[in-house]
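Structure at a glance
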Amino acid sequence: MARLHDGTELEVTVLGDGPVVLLPMGVTVTEEPRASQMRAWGAEPDTGHLLAAGLAAAGFRVVAADYEAHRASHPAALTAATVAQDLLALTGGERFAYYGYSWLALAGLQLAIRTDRMTALVMGGYPPLGGPYAEMLAVTRAAHRMATEKPATGGPVTPGDWESVEVTVPPEQTAQYVSLYESLTSFDERTAVLTIPRMAFAGSEDNIQYGPKWGSVRVPIAERLIRNRAELESMGWGVQLIPGVDHTAGMRPELVLPVLLDNFSALADLRK
């Protein structure tokens, strides 16, 4: 168990032996009907399980914990600093490589600039330069407004259609992400000078368009990664675009695992 900044405890799972890779995601197999619901949206419900198993088989020691689910059950006033503190607590004082997707990729960057124990960083579905911080703040504020003001009607949800999605969680759950993005309003990405191996990837179609009830916000993830690719590479980042893939599909383990193995292989080579 790891004790987090708010005093709550989060169960940590360890698989394999070798250089440590921190995965802030659950590794249990998802049961029905939740598994089918996730597949309808194009997601693989057992992503964490499959990534952890693949990394462990390749000679890594995987340290995994479902941080997002924990925060759903134990909301807190999150900031970039407290999220980084929580993630660091999962590692037990060891040096580690890190992979995170979407907001957990953002969290990995915040962790990297706050510790000297990270050995490599892979960010998926969130660009390290030109990140959509303002756009995500607007989206999280819209989610919090809907959680606060409008009771759910229980209407049908069409997979892939964000406009049909109702916010059914307590306001405390949405508020923590508002506070997280508010803490990043003045963050200057160019001050995040890193020397560790680092990679950013996204699907080439990873640009999310929200409908009117979400403020018609467009979250340009792939566009920002493409626009800033040359500058990122000059700063030492590896950049990869996965053709024809959107935000949800971009986290699928069969796409992500080869990226992780390519980028973490040098860590395993050091043991030979």
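Rules and cut-offs
Residues numbered from 1 in each chain as written. Predicted model: local features only at pLDDT ≥ 70, side-chain atom pairs only at ≥ 80, totals over all residues. Heavy atoms only, no water. Buried < 20%, exposed > 50% of the residue type's maximum accessible area, 1.4 Å probe, protein only. Helix = DSSP H or I, 4+ residues; strand = E, 2+ residues; numbered from the N terminus. Pairing = 2+ DSSP bridges. Axes fitted to C-alpha atoms, helices over the stretch in contact; angles between N-to-C directions. Contact = heavy atoms within 4.5 Å. Salt bridge = Lys/Arg side-chain N within 4 Å of Asp/Glu carboxyl O. Core = buried A, V, L, I, M, F, W, Y, C linked by side-chain atoms within 4.5 Å. Phe/Tyr/Trp six-rings, centres within 6.5 Å; stacked < 30°, edge-to-face > 60°. Parallel < 35°, antiparallel > 145°, perpendicular 65-115°, else oblique. Nonpolar A, V, L, I, M, F, W, Y, C, P; charged D, E, K, R; others polar.

Another aspect to go through is helix α5 (residues 103-112). By the criterion of burial, α5 is predominantly enclosed, with ten of the ten residues buried. Those residues of α5 not exposed but buried are W103, L104, A105, L106, A107, G108, L109, Q110, L111 and A112.

This paragraph deals with the sheet that holds strand β8 (residues 198-203). Reading across from one edge, β3-β5-β4-β6-β7-β8-β11 is the order of the seven strands in this open sheet, with mixed pairing throughout. Each edge of the open sheet is held by one strand with a lone partner, namely β3 (13-15) and β11 (238-242). Taken over all neighbouring pairs, the strand axes of this sheet differ in orientation by 20° on average, direction set aside. In this sheet, β8 lies alongside strand β7 (residues 118-124) in parallel orientation, the contact comprising four bridges. For V122, the partnering residue across the bridge sits in β8 and is M199. Set on the sheet, helix α2 (residues 47-57) makes contact with β3, β4 (20-23), β5 (61-64) and β6 (96-101); between it and β4 the angle comes to about 175°.

A separate point is the pattern of salt bridges. Applying the stated criterion across every chain, the model contains ten salt bridges. The residue D6 makes a salt bridge to R71 at a minimum N-O spacing of 2.9 Å. Of the two residues, D6 is situated in the loop between β1 (2-3) and β2 (9-10) and R71 in helix α3 (residues 67-73); the sequence distance between them amounts to 65 residues. Residue class for D6 comes out partly exposed when judged on its relative accessible area of 31%. A relative accessible area of 0% means that R71 is categorised as buried. The salt bridge partner of R252 is E254, with a shortest N-O separation of 2.7 Å. Owing to a relative accessible area of 48%, E254 belongs among the partly exposed residues under this scheme. A cluster of three or more residues bridged by salt bridges with shared partners is formed by D6, R71 and D86.

Formed by 62 residues in total, the largest nonpolar core has its most connected members in Y67, Y98, L109 and L121. Those residues within four positions of Y67 in sequence are excluded, and the remaining contacts are L4, L10, P24, L78, V83, D86, L87, W103 and L104. With 26 residues, the next largest nonpolar core counts L55, F60, Y99 and A120 among its residues.

Attention now goes to the packing of aromatic side chains. A full pass over the atoms with the stated rule returns eight aromatic pairs. For the pair F60 and F264, a centre-to-centre distance of 6.3 Å together with 65° between the ring planes defines the contact as edge-to-face. Of this pair, F60 sits in the loop between α2 and β5 while F264 sits in helix α10 (residues 253-269), placing them 204 residues apart in sequence. Look at F60 and you get buried, because its relative accessible area is 2%. For the pair Y99 and F201, a centre-to-centre distance of 6.2 Å together with 15° between the ring planes defines the contact as stacked.

Along the chain, the position of G26 falls in the loop between β4 and α1 (34-40). Separated by 42 residues in sequence, G26 and E68 have C-alpha atoms that sit 8.7 Å apart. Excluding anything up to four places from it in sequence, G26 contacts G48, H49, A65 and D66.

Of note, T140 is situated in helix α6 (residues 133-149). Overall, the relative accessible area of 10% leaves T140 in the buried class. In this structure, T140 is in contact with Y177, V178 and Y181, ignoring residues within four places of it in sequence.

Turning to the packing of helix α4 (residues 80-89) against α5, a few remarks are in order. Interhelical geometry of α4 versus α5 gives an angle of 85° and a closest axis separation of 9 Å. As judged from the angle between their axes, α4 and α5 are roughly perpendicular. Contacts between α4 and α5 pair A80, V83, A84, L87 and L88 from the former with W103, A107, Q110 and L111 from the latter. In terms of residue class, the contact of α4 with α5 is made up of eight nonpolar, one polar and no charged.

For S102, which is not glycine, the phi torsion reads 60° and is therefore positive. Take S102: it is sitting in the loop between β6 and α5. If you check the backbone angles, S216 has positive phi at about 55° while not being a glycine. Its location among the elements puts S216 in the loop between β9 (207-209) and β10 (218-220).

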